[in-house]
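Residue-level listing of the chains:
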Amino acid sequence: MDRVQTGIRRSAPLIVLAPSLLAIIVFVYLFIGWTLRVSMTSWSGLTPVFDFVGLKNYVDLFADRRFQIDIRNTVLFTVPFVGGSMLLGLLLAILVDQRIRAEAFFRTIYLFPMAVSFIVTGVVWRWLMNPAPGDRTTGLNLLFDIVGLDGLQNRWFTTPDWGIVAIALPAVWQMSGYTMAIFLAGLRGIPDEVREAASVDGASSLQLYRHVILPLLRPVTLTALVILGHISLKVFDLIIAVAGKQLQLDVPAVNMWQTTFDANDYGHGAAIAIFIFVTVAVVLIPYLWSTLRSEARS
Amino acid sequence: MSAATRALAPAPERVRRSWGHRIQRLIVVYLPLVILAAFFLMPLYVVLITGFKPNAEATPQSMWTPPTRLDISAFQTAFEKLAPNLWNSALLVVPGSILSAIVGSVNGFVLSRWRFRGANLIFVLILFGMFIPYQAILIPLVQVMQSIGLYGSIAGLILVHVIYGIPITTLTFRNYYAQIPYELVEASRIDGASMWDVYRRIFLPLSAPGFVVVLIWQFTAIWNDFLFAVILTRSQSWPVTVALNNISGSQIVEWNVQMAAAMLAALPTVIVYLLLGRYFLRGMMAGALKG
């Protein structure tokens with residue numbers, strides 16, 4: 001009798017966790033495996049076909065002009081988006097950390113885009129980045145005209161070949177407040193004594209940041225990089241909301257959606273999905289590994 | 001914690017500053033702060049002045065000019081268009097976030113307090129689900145939802161959000177419960193209380209801040225989701241993000257109505273953020289693995 005009860009007690013945590021665990025195993029791991037399986041079939045059309053064509057879909061993909069545009073666009077989006085958010089986020093964090101008045105007020109403003117969806121951001125920025133010329137000029141181009149910075153006027157996301165770079169602007173607007181919050185957490189974790197010691201040694205503010213604070217921020221910098229990087233690889237809503245589905249601004253996530261659910265080419269759609277998964281995993285797994293290990297050590 | 005204490009402590013150099021130093025701070029610190037604030041508020045300015053313009057004044061060419069009189073007809077038109085979808089979003093987000101929080105609380109409790117073999121492995125398995133690109137699960141997800149008859153329904157979308165919310169809600173509660181002193185649990189166990197009693201009598205009453213963080217996080221995530229919604233719902237069950245995207249893509253909807261619609265779609269999460277920003281930030285930090 002006692003034995004049975006102890007047995008129940010021992011397995012109780014697993015019983016409580018079981019539904020969630022089962023859901024995650026099925027909806028995450030099994031589903032990824034399923035997608036991988038589909039990516040190696042010739043399934044194209046409304047009825048599933050589970051033959052085996054090996055890596056053919058992947059070979060097709062890398063030879064496909066559209067997919068090459070996707071990869072180029074991902075790079076052209078990632079560099080200004082991640083770089084811009086990191087720089088602006090760090091700048092905001094340093095400014096907010098100067099024992100300013102009304103700190104909460106400024107923080108609230110910088111962070112509020114995080115509460116808004118990429119769709120809302122995209123709908124509004126679609127108008128701000130309106131490329132219409134001449135009498136129909138509007139948005140930021142009109143603002144540039146009003147303040148006499150006509151030289152900055154451009155065609156934004158309709159710029160040939162480079163339009164995707166413009167999408168990074170609303171993305172930076174949306175995510176740099178979050179990046180600020182990550183850096184601010186890092187800055188607030190640096191003991192006062194460190195700053196005091198540096199100022200006793202006669203370091204200027206610039207030297208203090210350059211040689212003392214920034215090196216101490218390395219762990220949170222990595223966190224911010226990984227988070228922004230994986231968001232960048234998954235970018236989808238924002239592009240759809242700003243520009244719809246245009247080949248010029250195509251990225252893997254949009255391509256996957258269209259290939260799979262508009263064209264019903266499940267085999268190739270699944271291959272794109274697995275490609276996105278692998279790129280995200282390459283960015284994330286080493287980071288998660290090291291974070292969890294250091295958590296286990298402490 | 002230390003940050004908060006430091007912010008409250010009197011800053012010695014704030015007391016007596018020379019005029020030169022003050023002016024320098026004004027230019028080096030406050031001027032950039034204000035300019036950057038203007039950058040972040042600029043889209044809000046455009047949305048607000050456009051939404052409140054009478055139709056005759058609302059041309060894209062007068063985007064930066066404030067209205068001569070306030071007129072709410074754009075908001076009325078936008079509300080008429082979005083009302084069913086705002087309602088769908090509400091039907092989605094309320095049960096979705098409450099269920100998520102309950103599941104996260106139970107999971108987090110078990111993982112934070114119950115030492116058993118494989119606990120860490122299970123935690124990592126669950127955690128990884130937080131970061132996967134959902135494209136990698138969409139194809140089987142649609143098939144499964146179709147075969148269990150939940151495709152196209154709000155109930156199906158709730159289920160999906162609760163399942164893919166398990167990692168973040170479990171993580172947040174696990175970190176939150178890890179702060180509760182172990183002595184409390186030990187003491188009650190000696191009294192012969194079962195784990196379920198410990199959860200109900202000790203952890204649940206202390207859980208309010210954890211619930212607020214998770215509820216806000218899931219409320220925002222589910223309200224703002226587009227990918228699952230656009231793939232798993234039909235036009236009659238579209239939440240507001242999908243409907244807004246369709247409005248903005250059409251040529252026939254006036255641009256001031258589009259701006260008013262964007263405002264309506266953003267309002268619930270922005271209000272929650274303004275009222276409970278502190279908790280919102282904590283949820284975001286949990287997302288950054290910083291509990």
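These numbers come from a predicted model, not from an experiment. Starting afresh in each chain, residues are numbered from 1 along the sequence in its written order. Note on labels: chains are lettered from A, ligands numbered from 1, in written order. Owing to the predicted nature of the model, reporting of local features is limited to residues with pLDDT of at least 70; listing and counting of side-chain atom pairs is limited to 80 or more, with chain, interface and lining totals taken over all residues.

1. A look at the overall build of chain A
Okay, so step 1: Looking only at helices and strands, chain A features 13 helices and 0 strands.
Okay, so step 2: Here the globule rule reads 2.2 Å times residues to the power 0.38, and the radius of gyration is calculated from C-alpha atoms. At 24 Å, chain A has a C-alpha radius of gyration far larger than the 19 Å of a compact globule built from 298 residues.
Okay, so step 3: Expressed as lengths along the three principal axes of its C-alpha atoms, the size of chain A is roughly 75 × 65 × 30 Å.
Okay, so step 4: Nonlocal contacts in chain A, meaning residues at least 24 apart in sequence, comprise 71% of its contacts between residues at least 6 apart. Counting from the N terminus, the helices are the DSSP runs of H or I reaching at least four residues and the strands are the DSSP runs of E reaching at least two. Contacts here follow a simple rule: the backbone-placed C-beta atoms of the two residues must lie within 7 Å.

2. Section: the overall build of chain B
Okay, so step 1: What chain B contains, in helices and strands, is 13 helices and 0 strands.
Okay, so step 2: Secondary structure elements of chain B, listed N to C terminal, follow the sequence α-α-α-α-α-α-α-α-α-α-α-α-α.
Okay, so step 3: For 291 residues, the compact-globule estimate of 2.2 N^0.38 gives 19 Å, and the C-alpha radius of gyration of chain B, at 24 Å, exceeds that figure by more than 25%.
Okay, so step 4: Its C-alpha atoms give chain B principal-axis dimensions of roughly 75 × 70 × 30 Å.
Okay, so step 5: Contacts in chain B between residues at least 24 apart in sequence constitute 77% of all its contacts with a sequence separation of at least 6.

3. Some points on the interface of chain B and chain A
In many analyses, interface size is given as the accessible surface area lost on bringing the parts together.
Okay, so step 1: Contacts between the two partners involve 69 residues from chain B, matched on the other side by 77 residues from chain A.
Okay, so step 2: Sort the elements by how many residues they give to the side of chain B that touches chain A and helix α13 (residues 255–287) of chain B lands first, with 14 residues.
Okay, so step 3: For this classification, the nonpolar set comprises Ala, Val, Leu, Ile, Met, Phe, Trp, Tyr, Cys and Pro, the charged set comprises Asp, Glu, Lys and Arg, and every other residue, Gly included, is treated as polar. Residue composition of the side of chain B that touches chain A, by class: 53 nonpolar, 14 polar and 2 charged.

4. Quick notes on the domain arrangement of chain B
Residues and elements named next belong to chain B.
Okay, so step 1: What marks off one domain from the next here is an automatic or database domain assignment. Per the domain assignment, the segments of chain B are domain 1 (8–51) and domain 2 (79–287).
Okay, so step 2: Using C-alpha coordinates to define each centre, domain 1 is positioned 35 Å away from domain 2.
Okay, so step 3: Across the boundary between the two partners, domain 1 contributes 4 residues, which contact 5 residues of domain 2.
Okay, so step 4: Looking at the side of domain 1 that touches domain 2 residue by residue, the class counts come to 2 nonpolar, 2 polar and no charged.

5. Quick look at the nonpolar core
Okay, so step 1: A set of buried Ala, Val, Leu, Ile, Met, Phe, Trp, Tyr and Cys residues, joined to one another through C-beta atoms within 7 Å, is what we call a nonpolar core. For the exposure call, what matters is how many other C-beta atoms sit within 10 Å of a residue's own: 20 or more marks it buried, 12 or fewer exposed, and in between partly exposed, using C-beta atoms placed from the backbone. Grouped together as the largest cluster of nonpolar side chains are 170 residues, with contacts concentrated most on A:I167, A:I239 and B:A262.
Okay, so step 2: Ranked by the residues each element gives to this core, the list is headed by helix α7 (residues 163–188) of chain A, at 15 residues.
Okay, so step 3: Summarising the domain contributions, this core has at least three residues from each of domain 1 (8–51) and domain 2 (79–287) of chain B.
Okay, so step 4: Apart from residues no more than four positions distant in its own chain, B:A262 is found in contact with A:V120, A:V123, A:V124, B:V47 and B:L244.

6. Looking at helix α8 (residues 192–200) of chain A
Okay, so step 1: The buried fraction of α8(A) amounts to 0 of the 9 residues, a small share that puts the element mostly on the outside.
Okay, so step 2: Where α8(A) ends, the next residue or the one after it, A:G202, has phi of about 85°, a positive value.

7. A word on the packing of helix α7 (residues 154–177) of chain B against helix α10 (residues 208–224) of chain B
Helix-helix packing: each pair is described by the crossing angle between the helix axes and the interaxial distance.
Residue and element names in this part refer to chain B.
Okay, so step 1: Comment: axis = line fitted to C-alpha atoms, over the contacting stretch for helices; angle = value between 0 and 180 degrees taken between N-to-C directions. Where α7 meets α10, the closest approach of the two axes is 10 Å, and the angle between their N-to-C directions is 150°. In this view, α7 runs roughly antiparallel relative to α10, as classed from their interaxial angle. Along this stretch, α7 crosses α10, giving a crossing that reads as right-handed. Of α10, the residues touching α7 (which contributes H161, G165, I168, T169, T172, F173 and Y176) are G210, V213, V214, W217, Q218 and I222.
Okay, so step 2: Of the residues belonging to the contact of α7 with α10, the class tally is 7 nonpolar, 6 polar and no charged. Here roughly perpendicular refers to angles of 65 to 115 degrees, roughly parallel to angles under 35, roughly antiparallel to angles over 145, and oblique to all remaining angles. Left-handed is the label given to a crossing in which the near helix is rotated counterclockwise from the far helix by less than a right angle, and right-handed is the label when the rotation is clockwise.

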